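# Coordinates in review
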Amino acid sequence: MKRLTHDSQVVFNRKIGRGIFHMRLAVKAGIRVKPGQFINLLVSDSYDPLLRRPFSVFDASEKSIDIVYSAIGRATFLMSRKIKGESLNFTGPRGNSYIDFITPGMKKTLFIVVGGGTGAASANYLAKWLRRAGMRLKLIQGAASKGLLIKAGEFCKKGVLFSTDDGSAGIKGFATDIVKKAASVDSVVFACGPKPMLGALKKAVPKGTRVFVSLEEYMGCGIGACVSCVTPVKVKNAGTKRVKNSFEYKRVCVDGTVFELDELVL
Amino acid sequence: MKKSTMKTDTSVSIGKLNLKNPVMTASGTFGYGLEFKDFLDLEALGAIVVKGIALEPVLGNRPQRIVETASGMLNAIGLQNIGVEKFLSDKMPLLARYKTPVIANIYGTDVKDYVAVAERLADSAVAGIEVNISCPNVKKGGLQFAADRKAIIKMLGGIKKVYKKTVIMKLSPNTGNIEDIALLCEDYGADAVSLINTLVGMAVDLDKKTPVLSNIYGGLSGPAIKPVALAMVHKTAKRVKIPVIGIGGIMNYRDALEFIIAGASAVQIGTANFRDPAAPVKVAAGIKEYLEANKIKSVKNLIKTLKYQ
Ligand SMILES: Cc1cc2nc3c(=O)[nH]c(=O)nc-3n(C[C@H](O)[C@H](O)[C@H](O)COP(=O)(O)OP(=O)(O)OC[C@H]3O[C@@H](n4cnc5c(N)ncnc54)[C@H](O)[C@@H]3O)c2cc1C
Ligand SMILES: Cc1cc2nc3c(=O)[nH]c(=O)nc-3n(C[C@H](O)[C@H](O)[C@H](O)COP(=O)(O)O)c2cc1C
Ligand code: FES
């Protein structure tokens, strides 16, 4: 059996923005994570919350995992009160990776990495991976306002571009406005963020630009068993006799979370 | 030191099936089983009940399909599944490698479909079928049959003709007369009944003023439904002679034993799999330990042993 359930300990759990926290979990048994993957956290011993909660990996080492989360509901509020040394169980990492889509032909490609809101979490780990791999990188983060920007990890480095809806930091507008200026058909865009942002990306890039996005859907099992977390994906050869439907439902937790934007029915 | 001579027997029989322990997985919460092979030993399970299978692949409902509620969850998956042919060609050969009986949960949009799926499974490695006449999340098929006595009689007649192995009827808590339906199933040849399926429920998003689920209604499962399930299992087990399989909010071995004492011959673990993918084997291990600690020879000695004050 592979090791896919882990007991971890909180190393730190810092507030880094308005309602935003950065938590590090120590994983003694060791762990390997690829950019874009997520873990599914069991937040409470009681049945409130009952289900695990999925979080993208913000950063990882062989013995630790970092997540950045926004305290918006019952589970994330409980998480925000966890202190150093407390135990948390998680399953994973699960899901495919952005880097599964990187081909040898992309050595000279400019990678535009976009994180919107807490979608910045997986963007961070991807940016770190690309930088270490010596790839050309432009890192962008968008948030509603200054206090909601995630200023940690790769986002503290020089050259990162920020946007806020209210103009309180970076450019006033959307992350996709920055993408519009930076993207060319030869660039590859990787993005994670709210659905409207992912939809807007389609219009922000020149036709033919390859865009890959990491999706979030409400999850039950997080391991591909319950088909809760599905998203409609276009079916090839639709309209022919054998293929009745123009789309099929794919599971975000194991078939994604990363999909090519063109394939999605958003 | 003298070795204990007592060997604890956790096995139970359901129809023609002999299970090494009374713990099965609940349909729809355990995929096609294989998704869990990295989380537990599939051979430590009494039986694997797979996701509901129809004659043809089914797309399922639009998302959002689930939402957590107080100590439970609502789901409206809409029975998305790969269809019986693909199940037999892609999943069953891999599942058959494990020494655990596989029970196929089946459903259709009319009686004919149900019988056709059963017939298709008759010569396969599938050890038994669980007939879902209780899904609240599809427009056709499922719930409409839950209390339709004529349809059930016709369905069981058709199925028993083409399917000679164990037939379990999965019953709905949404009809109000679950014991009567169980009795009817017994009279018309069902080998066992399993209950309960989910209870119809709903969640509202106050900010958006919309239902949370695209299907509006969903099926409630998890710890929230355990008392309802226990009552229905108890009432049903008093009426029928065939085994009753208890389902509903079982999170640990103590919950499972409560069902067994109330009348269940076996149990199924559903929503608990989402919290802990190893839950079913932990329940099975817990039952064994309980028997040993209390010097009970066989789990069968616990079935229907509720004492009344
Ligand atoms: C693959 C993936 C990666 C994610 N990564 C991050 C991240 O890095 N940082 C971050 O802050 N958030 C992330 N999220 C969202 C995070 O899981 C939810 O914010 C969290 O579950 C909310 O739980 P709650 O109890 O605090 O809120 P609740 O009050 O329960 O719900 C608030 C909202 O959170 C969402 N949600 C609730 N339960 C689940 C669930 N079981 N599965 C999915 N969504 C749910 C729903 O949209 C809901 O409307 C991710 C979600 C997914 C699917
Ligand atoms: C996500 C989900 C999908 C389900 N799909 C099916 C199904 O396909 N067929 C079926 O008979 N029951 C299905 N059920 C019902 C369960 O098998 C079980 O009867 C119910 O969830 C109650 O048990 P629990 O409280 O332990 O989850 C499903 C339940 C859930 C939560
Ligand atoms: S969350 Fe269960 S299949 Fe994705």
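Residues numbered from 1 in each chain as written. Chains lettered and ligands numbered in written order. Predicted model: local features only at pLDDT ≥ 70, side-chain atom pairs only at ≥ 80, totals over all residues. Heavy atoms only, no water.

### Things to note about helix H9 (residues 279-293) of chain B
Residues and elements named next belong to chain B.
- Between the first and last C-alpha of H9 there are 21 Å, a value that for 15 residues agrees with the 21 Å anticipated at 1.5 Å per step.
- Among all positions of H9, only Ala279, Pro280, Val281, Val283, Ala284, Gly286, Ile287 and Leu291 are buried.
- Positioned one or two residues after H9, lysine 295 has a phi angle of 50 degrees, which is positive. (Helix = DSSP H or I, 4+ residues; strand = E, 2+ residues; numbered from the N terminus. Expected span 1.5 Å × (residues − 1). Buried < 20%, exposed > 50% of the residue type's maximum accessible area, 1.4 Å probe, protein only.)

### A short note on the packing of helix H1 (residues 84-95) of chain B against helix H2 (residues 111-121) of chain B
All names here are of chain B.
- Viewed as axis vectors pointing N to C, H1 and H2 meet at an angle of 20 degrees, and their least axial separation amounts to 10 Å. Taken together, the axes of H1 and H2 lie roughly parallel to each other. When you trace H1 past H2, the crossing you get is right-handed. Residues Val84, Glu85, Phe87 and Leu88 of H1 form the contact with H2, whose own contacting residues are Val117, Arg120 and Leu121.
- Considered class by class, the residues forming the contact of H1 with H2 number five nonpolar, no polar and two charged. (Axes fitted to C-alpha atoms, helices over the stretch in contact; angles between N-to-C directions. Parallel < 35°, antiparallel > 145°, perpendicular 65-115°, else oblique. Left-handed = near helix turned anticlockwise from the far one by under 90°. Contact = heavy atoms within 4.5 Å. Nonpolar A, V, L, I, M, F, W, Y, C, P; charged D, E, K, R; others polar.)

### Quick word on the confidence of the model for chain A
- Overall, the predicted model of chain A reaches an average pLDDT of 94, with 97% of residues at or above 70.
- By mean pLDDT, helix H4 (residues 195-204) of chain A is the weakest element of chain A at 92, and strand E4 (residues 53-56) of chain A is the strongest at 98. (pLDDT = per-residue confidence, 0-100.)

### Notes on the site of ligand 1
All names here are of chain A.
- What surrounds ligand 1 is a group of 20 residues, the closest being Arg53, Pro54, Ala75, Thr76 and Met219.
- A distance of 2.9 Å separates a nitrogen atom of ligand 1 from a polar atom in the backbone of valine 68.
- Contacts to ligand 1 include alanine 75, whose backbone N or O atom sits 2.8 Å from an oxygen atom.
- Protein contact buries 80% of the 860 Å² of open area that ligand 1 shows by itself.
- Looking at the shell around ligand 1, the elements that each hand over two or more residues are E4, strand E6 (64-70) and helix H1 (74-80).
- Shared between two domains, the shell around ligand 1 holds at least three residues of each, these being domain 1 (5-94) and domain 3 (217-266). (Near = heavy atom within 4 Å. Polar contact = N/O pair within 3.5 Å; in protein donor to acceptor, adjacent residues only side chain to side chain. Areas by Shrake-Rupley, 256 points an atom, 1.4 Å probe, with all protein chains shown as cover. Domains from an automatic or database assignment.)

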